[in-house]
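Listed below, chain by chain, are the residues.
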Amino acid sequence: MKISGFLIDNSLWENLRTCQQSSIKIALSYLKKPLAETSRSCLISLPTGAGKSGVISVVSHKASQKKVLVLCHRRNLST
């Protein structure tokens with residue numbers, strides 16, 4: 001299945017939640033755009049338990065950039 005020009009496995013896509021699919025579409029379409037002064041970053045914000053780790057995994061795996069930076073405030077992480 002092609003999402004924003006990226007090939008994603010059908011069974012993987014079907015097992016993602018709707019909010020995860022939407023987030024992945026937004027992030028991948030951001031990655032396809034040329035870097036501009038007005039759109040230098042992309043923020044994905046999902047509630048606790050919505051599957052942010054899955055979104056991060058898919059997006060970073062499909063990104064053509066050599067490096068992907070994921071930021072999260074440490075107070076929000078459970079240990």
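Basis of the calculations
- Residues numbered from 1 in each chain as written.
- Predicted model: local features only at pLDDT ≥ 70, side-chain atom pairs only at ≥ 80, totals over all residues.
- Heavy atoms only, no water.
- Helix = DSSP H or I, 4+ residues; strand = E, 2+ residues; numbered from the N terminus.
- Expected span 1.5 Å × (residues − 1).
- Buried < 20%, exposed > 50% of the residue type's maximum accessible area, 1.4 Å probe, protein only.
- Arc of directions from axis to C-beta.
- Contact = heavy atoms within 4.5 Å.
- 1 Å grid on protein atoms, 1.4 Å probe; cavity = no way out; pocket = protein on both sides within 12 Å on 5 of 7 lines; lining within 4 Å.
- Points joined across faces, edges and corners; volume = space filled by probe spheres on them.
- Nonpolar A, V, L, I, M, F, W, Y, C, P; charged D, E, K, R; others polar.
- Core = buried A, V, L, I, M, F, W, Y, C linked by side-chain atoms within 4.5 Å.
- Phe/Tyr/Trp six-rings, centres within 6.5 Å; stacked < 30°, edge-to-face > 60°.
- Lys NZ or Arg CZ within 6 Å of the ring centre and 35° of its normal.

Peer 1: Is there a simple way to explain helix α2 (residues 18-32) in this structure?
Peer 2: Think of an α-helix as turning once every 3.6 residues; residues three or four places apart then point the same way. Over its 15 residues, α2 runs 21 Å from end to end, which matches the ideal 21 Å to within 8%, given 1.5 Å per residue. Among the residues of α2, those classed as buried are Q20, Q21, S23, I24, A27 and L28. What you see down the axis of α2 is that its buried residues fit within an arc of 165 degrees, all on one side. Looking at the buried residues of α2, the elements they touch are β1 (2-3), β2 (6-7), α1 (10-14) and α3 (52-62).

Peer 1: How should I be thinking about unusual backbone geometry in this particular structure?
Peer 2: The general pattern is negative phi for most residues beyond glycine and trans for most peptide bonds. Positive phi, close to 50 degrees, is recorded for S4, a residue that is not glycine. Assessed through its relative accessible area of 28%, S4 is described here as partly exposed.

Peer 1: Even after reading the chapter, I still don't get the layout of surface pockets, so can you show me in this structure?
Peer 2: Once rolled over the atoms, a probe with the size of a water molecule shows which space is left empty. Here the largest pocket is characterised by a volume of approximately 1,000 Å³. For the largest pocket, the lining is made up of 30 residues, of which I44, I56, L69, V70 and L71 are closest to its centre. Mapped by element, the contributors of at least two residues to the lining of the largest pocket are α2 and α3. Classifying every residue of the lining of the largest pocket gives 18 nonpolar, nine polar and three charged.

Peer 1: Is there a simple way to explain α3 in this structure?
Peer 2: For α3, the full list of buried residues reads V55, V58 and V59. The buried residues of α3 occupy an angular sector of 95 degrees when projected down its axis, which confines them to one face. For α3, the exposed residues set more than 90 degrees away from the buried face come down to S53 and H61. Buried-residue contacts for α3 involve α1 and α2.

Peer 1: How should I be thinking about the nonpolar core in this particular structure?
Peer 2: Within soluble globular proteins, side chains that are nonpolar generally end up buried alongside one another. The biggest cluster of nonpolar side chains holds 13 residues, and the ones touching the most others in it are I3, I8, W13, I24, L28, V55 and V59. Of all the elements in the fold, those that place two or more residues in this core are α2 and α3.

Peer 1: In this structure, what is going on with the packing of aromatic side chains? I would like to understand it.
Peer 2: What characterises a pair of aromatic rings is the spacing of the ring centres plus the angle enclosed by the ring planes. Summed over all chains, the structure comprises zero aromatic pairs. The positively charged end of K32 is found above the aromatic ring belonging to F6, 5.5 Å away from the centroid.

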